[in-house]
Amino acid sequence: MGHYELVILFHPYKLATIEDALSPYLELIAKTGELLALESWGRQDLSYPIKKMLKAEYVFLQFSSTPEVLAELNKASRFDPLVLRCLTVKLKGEAAYMPTELIDLEITNKLLTQLNLNLTEANPEQPEIKEEVS
Amino acid sequence: MKDFRPDYKNPSKLAPFISESFAILPAAVKATRSSLQRKIAKEIKRARFLALMPYCDQHAKS
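Sequence order as written defines residue numbering, which begins from 1 separately in each chain. As they are written, the chains are lettered A onward and the ligands numbered 1 onward, keeping that order. Only residues with pLDDT of at least 70 get local features here, since the model is predicted, and only at 80 or more are side-chain atom pairs given and counted; chain-wide, interface and lining totals rely on the full set of residues. In computing side-chain properties, one takes all heavy atoms of the structure into account and sets aside hydrogens as well as water.

With respect to the overall build of chain B
Turning to step 1, where the next piece is worked out: Each helix corresponds to a stretch of at least 4 residues labelled H or I by DSSP, and each strand to a stretch of at least 2 residues labelled E; elements are numbered beginning at the N terminus. When helices and strands are counted, chain B shows three helices and zero strands.
Turning to step 2, where the next piece is worked out: Counting from the amino terminus, helix and strand elements in chain B follow one another as α-α-α.
Turning to step 3, where the next piece is worked out: Here the globule rule is a power law, 2.2 Å times the number of residues to the power 0.38, and the radius of gyration is based on C-alpha atoms. The C-alpha radius of gyration of chain B comes to 12 Å, within 12% of the 11 Å expected for a compact globule of 62 residues.
Turning to step 4, where the next piece is worked out: Taking the principal axes of its C-alpha atoms as reference, chain B extends roughly 40 × 20 × 15 Å.
Turning to step 5, where the next piece is worked out: Classification of residues uses two cut-offs on accessible area relative to the type maximum, computed with a 1.4 Å probe and protein chains only: under 20% is buried, over 50% is exposed, and between them is partly exposed. Counting the 62 residues in chain B, one finds 42% classified as buried.
Turning to step 6, where the next piece is worked out: Contact criterion: two residues are considered in contact whenever any of their non-hydrogen atoms come within 4.5 Å of each other. Long-range pairs, those at least 24 residues apart, make up 54% of the contacts in chain B with a sequence separation of at least 6.
Turning to step 7, where the next piece is worked out: Working definition of accessibility: Shrake-Rupley area with a 1.4 Å probe, residue cover restricted to the visible protein chains. Summed over all atoms, the accessible surface of chain B reaches about 4000 Å², with 54% contributed by carbon and sulfur.
Turning to step 8, where the next piece is worked out: In chain B, 13 positive and 5 negative side-chain charges are present, and the distance between their average locations comes to 7 Å. Here Asp and Glu are counted as negative and Lys and Arg as positive; His is not counted, and neither are the chain ends. Where a charge sits is defined by one atom per residue type, namely NZ (Lys), CZ (Arg), CG (Asp) or CD (Glu).

This is the structure:
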């Protein structure tokens, strides 16, 4: 069992809802491993056009998996018309989740509740700065 | 600098290591130690693949 990261760039217009598009991948992950962290980075401008698109819906996943399931995941994403591009990274050793600077807290929390995932520990909200302002 | 961990998920931290035309700066320019330079280069390439960073300054605009 290795720990991996997966970033998926979804097509901005073909996409109905993120949770529908994401569910086949989550099912695959749940087969052998478990999801460790999930983040939405929202709809970001691309630095250069991909398949003539200038924006994409970014989703970031951190999970444990066997190499066989990872191969299935790669294959599934390659033939998925909703996916513009994706990147899998094998982590050295255990995954240590830290919220990234790209995180869209609003969409991430919405996704987590919609998918009934218990990752609240992995996704600590950071309202400290906001509290100081108000 | 000592606990700096380059990461494609935090592209703004990688920005100091690319030139004006978005090329990766050589290690000598930033006086980066070679082991760190290798990691930085790798993470910049990952960020570029995900379009979080441009490859160059001549990308098509449409």
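Overview of the overall build of chain A
Turning to step 1, where the next piece is worked out: Of regular secondary structure, chain A possesses four helices and four strands.
Turning to step 2, where the next piece is worked out: Reading chain A from its N terminus to its C terminus gives the helix and strand order β-α-β-β-α-β-α-α.
Turning to step 3, where the next piece is worked out: Here chain A holds 134 residues, and 48% of them are scored as buried.
Turning to step 4, where the next piece is worked out: In chain A, the proportion of contacts linking residues at least 24 apart, taken out of those at least 6 apart, comes to 78%.
Turning to step 5, where the next piece is worked out: On chain A, roughly 7600 Å² of surface is accessible, and the fraction owed to carbon and sulfur atoms is 52%.

Considerations on the packing of helix α1 (residues 18-32) of chain A against helix α2 (residues 67-78) of chain A
Residues and elements named next belong to chain A.
Turning to step 1, where the next piece is worked out: Axis angles are defined between N-to-C directions and span 0 to 180 degrees, where every axis is a line fitted to C-alpha atoms and, for a helix, only to the segment in contact. At a closest axis distance of 10 Å, the pairing of α1 and α2 adopts a crossing angle of 175°. With respect to their mutual orientation, α1 and α2 come out roughly antiparallel. Side by side, α1 and α2 meet where Y25, L28, I29, K31 and T32 of the first sit next to V69, E72, L73, A76 and S77 of the second.
Turning to step 2, where the next piece is worked out: Three residue categories are used. Nonpolar comprises Ala, Val, Leu, Ile, Met, Phe, Trp, Tyr, Cys and Pro, charged comprises Asp, Glu, Lys and Arg, and polar comprises the others, including Gly. The residue makeup of the contact of α1 with α2, split by class, is six nonpolar, two polar and two charged. Every angle not falling under 35 degrees, over 145, or within 65 to 115 is termed oblique; those three ranges are roughly parallel, roughly antiparallel and roughly perpendicular.

Observations concerning a positive patch on the surface
Turning to step 1, where the next piece is worked out: Positive charge collects at one region of the surface, where K92 of chain A together with R5, R33, R38, K39 and K42 of chain B lie side by side.
Turning to step 2, where the next piece is worked out: Mapping K42 of chain B onto the fold places it in helix α3 (residues 34-49). Exposure above 30% relative accessible area and no salt bridge define the residues that can form patches, which grow by joining like charges within 9 Å and nonpolar side chains of Val, Leu, Ile, Met, Phe, Trp and Tyr within 5 Å. Salt bridge criterion: a side-chain nitrogen from Lys or Arg within 4 Å of a carboxyl oxygen from Asp or Glu.

Let's talk about unusual backbone geometry
Residues and elements named next belong to chain B.
Turning to step 1, where the next piece is worked out: In this structure, F22 takes a positive phi of about 70° despite not being glycine.
Turning to step 2, where the next piece is worked out: By the secondary structure assignment, F22 is in the loop between α1 (11-14) and α2 (27-30).
Turning to step 3, where the next piece is worked out: Of note in this structure, A51 is not a glycine but carries a positive phi near 60°.

Some thoughts on helix α3 (residues 105-114) of chain A
Residue and element names in this part refer to chain A.
Turning to step 1, where the next piece is worked out: Every buried residue of α3 is listed here: T108, L111 and L112. Buried residues of α3 fall within an arc of 100° about the axis and therefore sit on the same side. Residues of α3 that are exposed and point more than 90 degrees away from the buried face comprise E106, K110 and T113.
Turning to step 2, where the next piece is worked out: In this structure, the buried side of α3 is in contact with α1 and β2 (35-50).
Turning to step 3, where the next piece is worked out: Remark: N116 follows α3 within two positions and exhibits a positive phi of approximately 55°. In this description, one arc is meant: the one made by directions from the helix axis to the C-beta atoms.

Focus on the nonpolar core
Turning to step 1, where the next piece is worked out: Each nonpolar core is a collection of buried residues, namely Ala, Val, Leu, Ile, Met, Phe, Trp, Tyr and Cys, held together in the definition by side-chain atoms within 4.5 Å. If you look at the biggest cluster of nonpolar residues, it comprises 30 residues, and the most contacted ones within it are V7, L9, L46 and Y58 of chain A together with Y8 of chain B.
Turning to step 2, where the next piece is worked out: Element by element, the count of residues in this core is highest for β2 of chain A, at five residues.
Turning to step 3, where the next piece is worked out: Apart from the residues within four sequence positions on either side, Y8 of chain B is in contact with E5, V7, F60, L87 and V89 of chain A together with L14, E43, R46, A47, L50 and L52 of chain B.
Turning to step 4, where the next piece is worked out: The next biggest cluster of nonpolar side chains, apart from the first, holds 23 residues, and it includes I8, L22, L70 and C86 of chain A.

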